[in-house]
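Chain by chain, the residues run as shown.
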Amino acid sequence: MSLNGKMALVNLLLLAIYLPLATSSEPPFSCDSSNPQSKSFPFCRISLPINQRVQDLVSRLTIDEKISQLVNTAPGIPRLGIPAYQWWSEALHGVADAGFGIEFNGRIKSATSFPQIILTASSFDNRLWYRIGAVIGSEARAVYNEGQASGMTFWAPNINIFRDPRWGRGQETPGEDPLVAGKYAVSYVRGIQGDSFEGGLLKDGHLQASAACKHFTAYDLDRWKNVDRYSFDARVSKQDLADSYQPPFKSCIEEGKASGIMCAYNRVNDIPNCADYNLLTQTARTQWGFYGYITSDCDAVSIILDNHKYARAPEDAVADVLKAGMDVNCGSYLKNYTKSALLQKKITEHDIDRALHNLFAVRMRLGLFNGNPKNHMYGNIGPNQVCTKEHQDLALIAARDGIVLLKNSARLLPLHKKTSSLAVIGPNADDAHSLLGNYNGPPCKSVSVFKALQSYVRSTVFHQGCNAANCTSAAINDAVNIAKRADYVVLVMGLDQSQEREDHDREDLSLPGQQESLIAAVAKAAKKPVVLILLCGGPVDVTFAKYDPKIGSILWGGYPGEAGGFALAQIIFGDHNPGGRLPMTWYPKDFIKVPMTDMRMRPDRSSGYPGRTYRFYTGRKVFRFGYGLSYSTYKYNFGRVSQKTVYLNHLSAVEATESVTGIRYLSVSEMGAESCEKAKYTATVGVENAGEMDGKHPVLLFVKPEKLRDGKPMKQLVGFESISLKAGGRGEVGFTVSPCEHFSRANKEGLMVIEEGSYSLVVGDEEYPIDIVV
């Protein structure tokens, strides 16, 4: 949510005027029981349904008061005892001060900083994701209860598909797979909002904190060459929307029950997302049953006029978004132009009231109109429940479980704990802040990789190697001399936020500057093969390192958060067995020939377009989706599979349709939910840890068709589950296979269909044949 300079200045002024954050330990709230006036307001009566309370409140507002509430920095309404509210807070991987709603200026000075999301996703452990969300939600409530927050609506998670490896914000996402992104969204949202892992606990609507899934939709370009996110028109087929871009948001709403959505800057097929009635109202609210508020990205209303040229006047832009279903504007555009839009009859007061109903309903669900929150649900959460040992231990677990071992020739790792000397070289090696990624708050504590390694080997020396991550200058000779004298060498290289971030996409997929030369020189000079740690969100082409025998091991650490230094050290010295697996394809550096603006997922043989993500990409890979080594070897076998042939024709009265190529298929929507439920079956996978170390291992189950046809994924993920096994131990993982979900694909009209034919369930090198009869 970056703002241009003008926007930032306006918001800061508004903040100073309307929103002084509490310096006391009392949180802001409405309906103070000590105020006799509160008893006369029906909107303060907890016994009434929220819908009635909201109707009463909105009916009491003047038109100017109503308009004032349509922006993220909403002023108070003193005559009704309503305090100011800030809609913009951030909690991507920990409570952050990146928005205006949170301040670490009181008793609470920091919050638990978990790994950046791309690394958390590498664990393929949705229970871990839920636990992280629950910690973030409780720490957010603690900050509010302490009076250091002016809002409890957090604009996270980012669940856009990591479609292009150059995207600077890919680090914020759960990766390239729609199923993984959707399951991450569900787990995180349930955790932060106070729901159970299975869902359904929020039947009364109460929220611990509010999560908003973003950026809706097909948003995955920030600034590439002469194209920016503020003016980009994403040309997306109905087919790709249906089975790639939209599924994570559908899961977030239908299963996660998110209370917020953020509409994105870009256009999709000519229409700005925040002005798209079909997207916001017909799809999200009507089809998916969304119950919550919709915010614009910051300045996303003004750019409808200024950048997209979609509206002719400011009042038209206001009308476009309010009639589309957007509720609150991050910025000041609605504050400035809603009144004139109303006077010009481009909107009605009903359009404003509709938005206010959604906004105040969320604030009431958060308990902010129930009197002092300390006396109600979540009121006992305080500073002593922030940065607890349990929370910091979870940050360490998340980092360890996510880190991916990409290479380990001759079993170089783990290093012996009696290693006599260690050289740690690289611009990221002694920079604890670089471990955090973006949208981070102040961590509880943070230790660099160098200092964490130093705790294992007393004789550890550090050399920066490069001037910075961009490595425009490198002290190669000095680094080589240090490497020659050490028993082992650890190189800590990669990217940082100067190389990939919001509003800054990458131009290439190579390591920056002279990093590759530095790595090669140090590896050549070292006594033994070196360990290479890559800290980065997006992938880099390290083919040179993959095949260099003097580079014995490669670890991808993402941005591993406050505990990342210790996590990497524990893996290097064998106190943890790595098990992370890549949630995105690592493409070769010549992939940059593909325009970032090309939104197609599927390949086009006629033009040589290779497609995107593991489901469709036909080109060479540096590392594939789901790749990850361990200090153990895991073996699989298919145990019980309840069906080998699925007769969908016996489950539904719908007749199959035959395509022009003679392939019979069924429409998923015509089959109906009941038939799809009956079609589900179970598959059990046996797993053996054939190594000498205990380990936690994510098991990934795919489905692939026997014959590839136009538009069909080469393979796609059915499910994933982590299992912990002792050395030599065996276990089983069960999966529920849903043909309607896992064997279907979108046709060119965007309808999900299941084709008759032969498929295989795939786990590792094991395959199990399945026939679909329609």
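The shown structure was predicted, so the numbers you read here are calculated from the model rather than taken from an experiment.

Caption draft 1: Spotlight on the pattern of salt bridges. Applying the stated criterion across every chain, the model contains 47 salt bridges. With a shortest N-O distance of 2.7 Å, R163 and D220 are connected by a salt bridge. Pair noted here: R163 is in the loop between β3 (153-154) and α6 (178-193) and D220 is in the loop between β4 (210-216) and β5 (223-224), with a separation of 57 residues, a long-range link. Accessibility expressed as a relative area gives 2% for D220, which makes it buried. Between D164 and R612 there is a salt bridge; the shortest N-O distance is 2.7 Å. Of this pair, D164 sits in the loop between β3 and α6 while R612 sits in the loop between α19 (564-572) and α20 (613-616), placing them 448 residues apart in sequence.

Caption draft 2: Representation of the state of the cysteines. Counted by the stated rule, this structure contains seven disulfides. Disulfide partner of C263: C274, at an S-S distance of 2.1 Å. Residues C263 and C274 are joined through a disulfide that is right-handed, its torsion about the S-S bond being 105 degrees. Of this pair, C263 sits in strand β8 (residues 260-263) while C274 is found in the loop between β10 (271-272) and α9 (277-287), placing the two residues 11 residues apart along the sequence. The burial state of C263 is the same as that of C274; both residues are buried. A sulfur-sulfur separation of 1.9 Å characterises the disulfide bridge that pairs C298 with C330. Between C298 and C330 the disulfide shows an S-S torsion of about 65 degrees. By sign, it is right-handed. Of the two residues, C298 is situated in the loop between β11 (293-296) and α10 (302-306) and C330 in the loop between α11 (314-324) and α12 (333-343); the sequence distance between them amounts to 32 residues. For C298, a relative accessible area of 1% translates into the label buried. In this structure C330 comes out as buried when scored by relative accessible area, which is 0%. With no disulfide of its own, C536 lies closest to C466 among cysteine sulfurs, the gap being 14 Å.

Caption draft 3: Local environment of the environment of D316. Positionally, D316 belongs in helix α11. What makes D316 buried here is its relative accessible area of 19%. As for D316 and C387, which are separated by 71 residues in sequence, their C-alpha atoms are 47 Å apart. The residues touching D316, leaving out its near neighbours within four places in the chain, are A311 and K346.

Caption draft 4: Inspection of the packing of α11 against α12 at higher detail. Interaxial distance between α11 and α12 falls to 8 Å at its minimum, and their mutual angle equals 100 degrees. Here α12 runs roughly perpendicular to α11, going by the angle between their axes. Here P314, E315, A317, V318, V321 and L322 of α11 come into contact with α12, specifically with Y333, L334, Y337, T338, S340 and A341. Residues of the contact of α11 with α12, tallied by class, amount to nine nonpolar, two polar and one charged.

Caption draft 5: Just the nonpolar core, in detail. The biggest cluster of nonpolar side chains holds 214 residues, and the ones touching the most others in it are L534, W556, I572 and W586. For this core, the element with the highest residue contribution is helix α5 (residues 126-145), accounting for nine residues. Membership of the second largest hydrophobic core comes to 34 residues, among which are Y634, V668, C740 and I772.

Caption draft 6: Main features of empty space enclosed by the protein. Evaluated as defined, the whole model comprises five cavities of 30 Å³ or more. The volume enclosed by the largest cavity comes to roughly 80 Å³. Forming the walls of the largest cavity are V703, K704, P705, K712, P713, K715, Q716, H742, F743, S744, R745 and Y759. Broken down by secondary-structure element, the contributors of at least two residues to the lining of the largest cavity are β23 (695-705) and β26 (744-746).

Caption draft 7: Expanded view of helix α7 (residues 238-245). In terms of burial, α7 is largely enclosed, as six of its eight residues are buried. The complete set of buried residues in α7 reads Q239, D240, L241, D243, S244 and Y245. Where α7 is buried, its residues touch α6, α8 (247-254), α20, β26 and β27 (752-755).

Caption draft 8: Broad picture of the pairing of strand β29 (residues 766-773). Pairing of strand β19 (residues 645-647) with β29 involves three bridges; the strand directions are parallel. Looking across to β29, one finds that Y647 is bridged to V773. Alignment of strand β28 (residues 757-763) against β29, held across seven bridges, turns out to be antiparallel. Paired with S758 across the strands is D771, a residue of β29.

Reading the values: the criteria
Numbering of residues begins from 1 in every chain and follows the order in which that chain's sequence is written. Per-residue local features are limited, in this predicted model, to residues with pLDDT of at least 70; the limit for side-chain atom pairs, both in listing and counting, is 80 or more; totals at the level of whole chains, interfaces and linings are taken over all residues. Excluding hydrogens and water, the side-chain figures rest on all heavy atoms present in the structure. By definition here, a salt bridge exists when the distance from a side-chain nitrogen of Lys or Arg to a carboxyl oxygen of Asp or Glu is within 4 Å. For helices the rule is a DSSP run of H or I covering at least 4 residues; for strands it is a run of E covering at least 2, with both sets numbered from the N terminus onward. Using a 1.4 Å probe on the protein chains alone, a residue whose accessible area is under 20% of its type maximum counts as buried, one over 50% counts as exposed, and one in between counts as partly exposed. When the sulfur atoms of two cysteines come within 2.5 Å, that pair is taken as a disulfide. Contacts between residues were defined by any pair of non-hydrogen atoms, one from each residue, lying within 4.5 Å. Note on geometry: axes are C-alpha line fits, over the in-contact stretch for helices, and angles between N-to-C directions span 0 to 180 degrees. Oblique is the label for any angle not under 35 degrees, not over 145, and not in the 65 to 115 range, which are roughly parallel, roughly antiparallel and roughly perpendicular in turn. Residue polarity is assigned by list, with Asp, Glu, Lys and Arg as charged and Ala, Val, Leu, Ile, Met, Phe, Trp, Tyr, Cys and Pro as nonpolar; anything else, Gly included, falls into the polar class. Residue types Ala, Val, Leu, Ile, Met, Phe, Trp, Tyr and Cys, when buried and joined through side-chain atoms within 4.5 Å, form a set referred to as a nonpolar core. Detection works on a 1 Å grid of protein atoms alone, calling trapped sets that fit a 1.4 Å probe cavities and calling open sets with protein on both sides within 12 Å along at least five of seven lines pockets, with lining residues defined by an atom within 4 Å of a point. Grid points are joined across faces, edges and corners, and a volume is the space filled by probe spheres set on the points. Two strands make a pair as long as DSSP finds a minimum of two bridges between them.

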